[in-house]
Amino acid sequence: MTDTALLAKGFALLAEGYQTLALAYSAPAGASAPAPAGTPPPPLHSVPDDEEKPEVCPAHGKPFIDGNYGPYCPSQSDDPAWANAKGYCNIKPKNVAVWLRTHA
Ligand SMILES: [Zn+2]
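S.K.: Mind showing me how you'd approach the coordination of the zinc ion here?
M.R.: Tetrahedral coordination by four donors places them ideally at 109.5 degrees to one another around the metal; octahedral coordination by six donors ideally gives 90 or 180 degrees. At the metal site, the zinc ion is ligated by Cys57 (SG), His60 (ND1), Cys73 (SG) and Cys89 (SG), and these contacts range over 2.0 to 2.3 Å. Metal-centred angles of 106 to 114° between the 4 donor atoms at the zinc ion mark the site as tetrahedral. Mapped onto the sequence, the residues coordinating the zinc ion show the spacing C-x2-H-x12-C-x15-C. Separated by 29 residues along the polypeptide, His60 in the loop between helix H2 (49-52) and strand E1 (65-67) and Cys89 in the loop between strand E2 (70-72) and helix H3 (96-102) bring together distant segments of the chain. By relative accessible area, which is 28% here, His60 ends up partly exposed. Judged by its relative accessible area of 3%, Cys89 is buried.

S.K.: How should a nonpolar patch on the surface be read in this particular structure?
M.R.: Side chains of Leu7, Phe11 and Leu14 sit close together on the surface and give an oily, nonpolar patch of about 340 Å² of accessible area. With respect to the secondary-structure elements, Leu14 resides in helix H1 (residues 3-26).

S.K.: Help me understand the nonpolar core in this model?
M.R.: In terms of nonpolar packing, the biggest core is built from 8 residues, these being Cys57, Phe64, Cys73, Trp82, Cys89, Ile91, Val96 and Trp99. Other than its neighbours up to four places away in sequence, Val96 contacts Pro54, Pro58, Phe64 and Ile91.

How each quantity is defined
Residues numbered from 1 in each chain as written. Predicted model: local features only at pLDDT ≥ 70, side-chain atom pairs only at ≥ 80, totals over all residues. Heavy atoms only, no water. Donors = N, O, S within 2.8 Å, 3.2 Å for Na, K, Ca; no water. Tetrahedral: all angles 85-135°; square planar, octahedral: opposite > 155°, others 65-115°. Helix = DSSP H or I, 4+ residues; strand = E, 2+ residues; numbered from the N terminus. Buried < 20%, exposed > 50% of the residue type's maximum accessible area, 1.4 Å probe, protein only. Patch = residues over 30% accessible without salt bridge, like charges linked within 9 Å, V, L, I, M, F, W, Y side chains within 5 Å. Areas by Shrake-Rupley, 256 points an atom, 1.4 Å probe, with all protein chains shown as cover. Salt bridge = Lys/Arg side-chain N within 4 Å of Asp/Glu carboxyl O. Core = buried A, V, L, I, M, F, W, Y, C linked by side-chain atoms within 4.5 Å. Contact = heavy atoms within 4.5 Å.

Encoded structure:
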């Protein structure tokens, strides 16, 4: 193989490399990912459950207060279905989803 042929081969390889690179960059996001189609791998950092819990009572707009029995809303409730024996709001972060479902 002559030097010229070697050089030509080198340039050809280089061109091929650039073409591959261009293809990879022009492909839509996700399409260039080498991962096979199907079930995606689980995220390394899944969102902890407590980050999804609201910090404010949706009925009264008051932030939940940490009590001995967990966070609670300090407001008095005018909704008997969501009040405790003393008439205080019984909505808690863990049952907010239920409240939202019935008050949509
Ligand atoms: Zn409340």
